[in-house]
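Listed here are the chains, written in short residue letters.
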Amino acid sequence: MSLRNALLALLTVEPMTGYDLAKRFGSSVGNVWHAPDSQIYPELRRMLQDGLLESEEVPWGRKGRKIEYTITEQGRVAFGEWMDSDLQWTRDRDPMHLRAAYFEYATPDRARDQLAAYREHILQLRGQWQQQIDEVIAGTSETLNRRLETVPASQHRRTTAFKRFTYEGLVDRADVEIAWAERGLKLLDELDDLDAQDELGALSAQDA
């Protein structure tokens, strides 16, 4: 139910339309919990049915109308209970590490390409997360600043510290994965060198 609680977390700041929620999701909680629009909208309808949200039509553009969602007191209670509950750990699904475990079935060049692409992907994510940290430190994070407007001044330090702490954890994790990919590239070179030495040894033995 983490998608539901991620949406509740966003709605504790202010009422939003489904469009606004999907947009805000991608730039904030989407960094730690990915969900496509095709999952967000049905979940909002279920949350409405469960009494966690209220909805009303609001003007949109010149003539349009959209549904705006507001968290209810029941929704706030449910979110607080989830935050205080124990996490239910799930098993990881990691396609890159799965492939790496069977690289002997790939050609060395394709194994290198995949590790290099993975490293580049993680480097890009790391850059996004570092930018979030920089904005938190500089006080220019729009998402954080909106939240700070809704919490007492006495909670600003904690709210800011936990956002920075989260993104720093993501950067640390990225650094580990980048180093792992680089070790993999080095390992491929070492294995190729050993294979070449074995071939030379075999040819020398034949000549002898």
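Residues numbered from 1 in each chain as written. Predicted model: local features only at pLDDT ≥ 70, side-chain atom pairs only at ≥ 80, totals over all residues. Heavy atoms only, no water.

Caption draft 1: A look at the packing of aromatic side chains. Under the definition given, this model contains 3 aromatic pairs. For the pair Tyr19 and Trp60, a centre-to-centre distance of 5.6 Å together with 70° between the ring planes defines the contact as edge-to-face. You can see Tyr19 sitting in helix H2 (residues 18-27) and its partner Trp60 sitting in strand E2 (residues 53-60), a full 41 residues away along the chain. The class of Tyr19 is partly exposed, set by a relative accessible area of 42%. Ring geometry for Tyr118 against Trp180: centres 5.9 Å apart, planes inclined by 90°, an arrangement best described as edge-to-face. Here Tyr118, found in helix H6 (residues 108-138), pairs with Trp180, found in helix H8 (residues 156-207); they are 62 residues apart in sequence, far enough to count as distant. Comparing Tyr118 with Trp180 shows no difference in burial state: the two are buried. (Phe/Tyr/Trp six-rings, centres within 6.5 Å; stacked < 30°, edge-to-face > 60°. Helix = DSSP H or I, 4+ residues; strand = E, 2+ residues; numbered from the N terminus. Buried < 20%, exposed > 50% of the residue type's maximum accessible area, 1.4 Å probe, protein only.)

Caption draft 2: Molecular detail of the pattern of salt bridges. Within this structure, the stated rule accounts for 12 salt bridges. A salt bridge links Arg24 to Glu14, with the shortest nitrogen-to-oxygen separation between them at 3.0 Å. Of this pair, Arg24 sits in helix H2 while Glu14 sits in the loop between helix H1 (2-11) and strand E1 (16-17), and the two are 10 residues apart along the sequence. Judged by its relative accessible area of 14%, Arg24 falls in the buried class. The structure contains a network of salt bridges with shared partners spanning Arg4, Glu43, Arg46 and Asp50. (Salt bridge = Lys/Arg side-chain N within 4 Å of Asp/Glu carboxyl O.)

Caption draft 3: Structural view of the side chain of Ser141. Tracing the chain through its elements places Ser141 in the loop between H6 and helix H7 (142-148). Residue Ser141 is classed as buried on the basis of its relative accessible area, which comes to 5%. The residues touching Ser141, leaving out its near neighbours within four places in the chain, are Glu135 and Val136. (Contact = heavy atoms within 4.5 Å.)

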